[in-house]
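Examining the three-dimensional arrangement
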Amino acid sequence: MPLYQNQTLKIYNSLTGEKEIFEPLNDGYVGMYVCGPTVYSYVHLGNCRTFISFDLVFRYLKHLGYKVRYVRNITDAGHLENDAEEGEDRITKKARLEQLEPMEIVQKYTVDFHNTLQKFNNLPPSIEPTATGHIVEQIETVKSIIENGLAYEANGSVYFDVLKFNESEDYGILSKRKVEDLIANTRDLAGQSHKKNPQDFALWKKAEPQHIMRWPSPWGEGFPGWHLECTVMSNKYLGEQFDIHGGGMDLKFPHHECEIAQGTACNGKPPVKYWMHANMLTLNGKKMAKSTGNNILPVDLFSGDNEVLSKAYHPSVVRFFILQANYKSILDFSDEALIASEKGFEKLMNAIQLLEKLTTSKSSGIDVKAWKQSCYDAMNDDFNSPVLIAQLFEAVKYINACHHHKLELTQEDIQTLKTTMSDMCFDVLGLQKIDVESKVDSKQNELIDLLIDLRNQARAVKDFKQSDAIRDRLLELGVQLKDTAQGTSYEFSN
RNA sequence: GACAAGGUGGCUGAAUGGUUAAAGGCAACAGACUGCAAAUCUGUUUUUUAUGAGUUCGAAUCUCAUCCUUGUCUCCA
């Protein structure tokens, strides 16, 4: 029997503003769509937070036994620099700047995106469709919205008629905006004259002569509007209605609002049951922006080669740090906070290793089953990973106490601890043990062992000057000695 | 300016009306271990929840005002 039949999962639905009991449209199956990146630059650390948040959702749904189809797109066309008529495609602009073919740009940054997410131990989505691979479907969707009377052609472009749509439906239902307010706040930009109303958005755009990325259509040569691809690809792979749609908070308006409008205009019903939005990441309390230098690339975070942080951080530490906050909260990225997470992460991993060495007793001093359920309760409460992590540290206390013979645990309870810790840490949270041993060859290990021997000989004759010199020199080289009752061991620090 | 989400201890970050009220991690302090450290383990400490008023038997949690932060309103996860 799958786990989800015993657990009640609640999801905070941005559409209703409430935590709702999760009931998939098809029993046992979940369709989830998350807006992927526009691959015109190196992946932004904030993007990574969003994708880690939804990786957690994906992992937990799978852990509960759902069959999940997770679709995440790659935007490789249609995303304009601005909405003005002369707006340039982001990919094309970057291609011009880097003197590359647009598809070389797409390839380069898609590879970077995949590499980075893999470092964070994100699972790949079930399907990763591209906008340029679905031009035909996008044209068909535009046609059907026109047929339904909710879009119009103007000068080779096709626009969605927001006011018309709003007569029978609610444009602004997700972002809690009123069309009247939008009208009041819209400036009259020059160059938007082909639209009936300024808040209408493009479904298809006419390609100006200098535009490289272009496709033939019933309205002339052009390219699809940015909001359209997500509607079309989610519809194609998940159906007219699906369970979960995720993305960053900043996409709520206009992007997701437009998706609801497009899907409804096309199929006569809203496309998504649960909307989820991951919040933003700030750096030292301020928003990340390239222009102010308050910005960091994942690659520089892992290497330590940056102006913002004092040292390098392992991707798993960063992931752990991110999961220590709720996905709905703004999270601030700072050196101090990362150092704290790193320590906590190591403590957690140490305890998991210790789990293998515990001695069993005839009875248990604690209720391990209740603890296990509290882990699930945390995750069932809208994927509350910080509370789950607090529970895991609760187990760390048990494990250490048992190790010091201050707490008795039965073999069965130790087994429950092992499987639950492993399930939660590695399957659900997606953490990875930092494997330092593999970085070193055996020759090097032997050399360190030799030095430890020499130091212990010195200690035996109380030549502490010599022994401390060895210890300190090794530490400088990044080898941390650990004297315990069982002898001296070491690990690599950074 | 409009709209949205927030402002909790030295830092990070849970908890949204109720047992002697504020999880967990880090830091600090103490103890164990050590030749001394480090590492590890154990214990302790701090705040009264931006500010001011209100609702309530009772509020961090609801209402109002003020200040501040972040986001959206043109593209952004």
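Model, not experiment: these values are computed from the prediction.

Digging into the packing of helix 12 (residues 368-380) against helix 14 (residues 411-428)
Two numbers describe how helix 12 lies on helix 14: the axes approach to 9 Å, and their chain directions differ by 15°. When the axis of helix 12 is compared with that of helix 14, the two are roughly parallel. When you trace helix 12 past helix 14, the crossing you get is left-handed. Touching Val368, Lys369, Trp371, Lys372, Cys375, Tyr376 and Met379 of helix 12 are Glu412, Asp413, Thr416, Leu417, Thr420, Met421, Asp423, Met424 and Val428, all from helix 14.

Points about the sheet that holds strand 12 (residues 286-287)
The strand order across the open sheet formed by 3 strands is 12-11-13, and the pairing between neighbours is mixed. A strand with exactly one partner marks an edge of an open sheet, and here the two such strands are strand 12 and strand 13 (331-333). Bridge analysis of strand 11 (residues 281-283) against strand 13 gives 3 bridges, and the strand direction is parallel. When the bridges of strand 13 are listed, leucine 283 appears paired with phenylalanine 333.

Considerations on a nonpolar patch on the surface
A contiguous nonpolar patch, built from Leu447, Leu450, Leu451 and Leu454 and spanning about 340 Å² of accessible area, is present on the exposed surface. Mapped onto the fold, leucine 454 is located in helix 15 (residues 442-460). Classification of leucine 454 as partly exposed rests on a relative accessible area of 40%.

Some details on the domain arrangement of chain A
One can read the domain layout of chain A as domain 1 (3-278), domain 2 (282-428) and domain 3 (436-492). On a C-alpha basis, the centroid separation for the pair domain 1 and domain 3 is 56 Å.

A look at the packing of aromatic side chains
Considering all chains together, one arrives at 17 aromatic pairs under this definition. Both rings, one in tryptophan 204 and one in tryptophan 219, keep their centres 6.0 Å apart while their planes meet at 50°; by these two values the pair is tilted. With a gap of 15 residues between them, tryptophan 204 in strand 7 (residues 202-206) and tryptophan 219 in the loop between strand 7 and strand 8 (222-224) connect regions that are remote in the sequence. There is no split in this pair, since tryptophan 204 and tryptophan 219 are both buried. Residues phenylalanine 320 and phenylalanine 393 carry aromatic rings whose centres are separated by 6.5 Å and whose planes lie at 65° to one another, so their mutual orientation is edge-to-face. Taken together, the residues span a long stretch of sequence, with phenylalanine 320 in helix 10 (residues 315-323) and phenylalanine 393 in helix 13 (residues 385-403) at a distance of 73 residues. Given the relative accessible area of 0%, phenylalanine 320 is considered buried. The exposure class of phenylalanine 393 is partly exposed, given its relative accessible area of 21%. An aromatic cluster is present here, built from Tyr4, Phe22, Tyr66 and Tyr274 joined pairwise through their rings. Looking at arginine 177, its charged tip hangs above the ring of phenylalanine 253, at a distance of 4.2 Å from the centre. Positioned above the aromatic ring of tyrosine 152, the side-chain terminus of lysine 196 is 4.6 Å from the ring centre.

Definitions and limits used
Residues numbered from 1 in each chain as written. Chains lettered and ligands numbered in written order. Predicted model: local features only at pLDDT ≥ 70, side-chain atom pairs only at ≥ 80, totals over all residues. Heavy atoms only, no water. Axes fitted to C-alpha atoms, helices over the stretch in contact; angles between N-to-C directions. Helix = DSSP H or I, 4+ residues; strand = E, 2+ residues; numbered from the N terminus. Parallel < 35°, antiparallel > 145°, perpendicular 65-115°, else oblique. Left-handed = near helix turned anticlockwise from the far one by under 90°. Contact = heavy atoms within 4.5 Å. Pairing = 2+ DSSP bridges. Patch = residues over 30% accessible without salt bridge, like charges linked within 9 Å, V, L, I, M, F, W, Y side chains within 5 Å. Areas by Shrake-Rupley, 256 points an atom, 1.4 Å probe, with all protein chains shown as cover. Salt bridge = Lys/Arg side-chain N within 4 Å of Asp/Glu carboxyl O. Buried < 20%, exposed > 50% of the residue type's maximum accessible area, 1.4 Å probe, protein only. Domains from an automatic or database assignment. Phe/Tyr/Trp six-rings, centres within 6.5 Å; stacked < 30°, edge-to-face > 60°. Lys NZ or Arg CZ within 6 Å of the ring centre and 35° of its normal.

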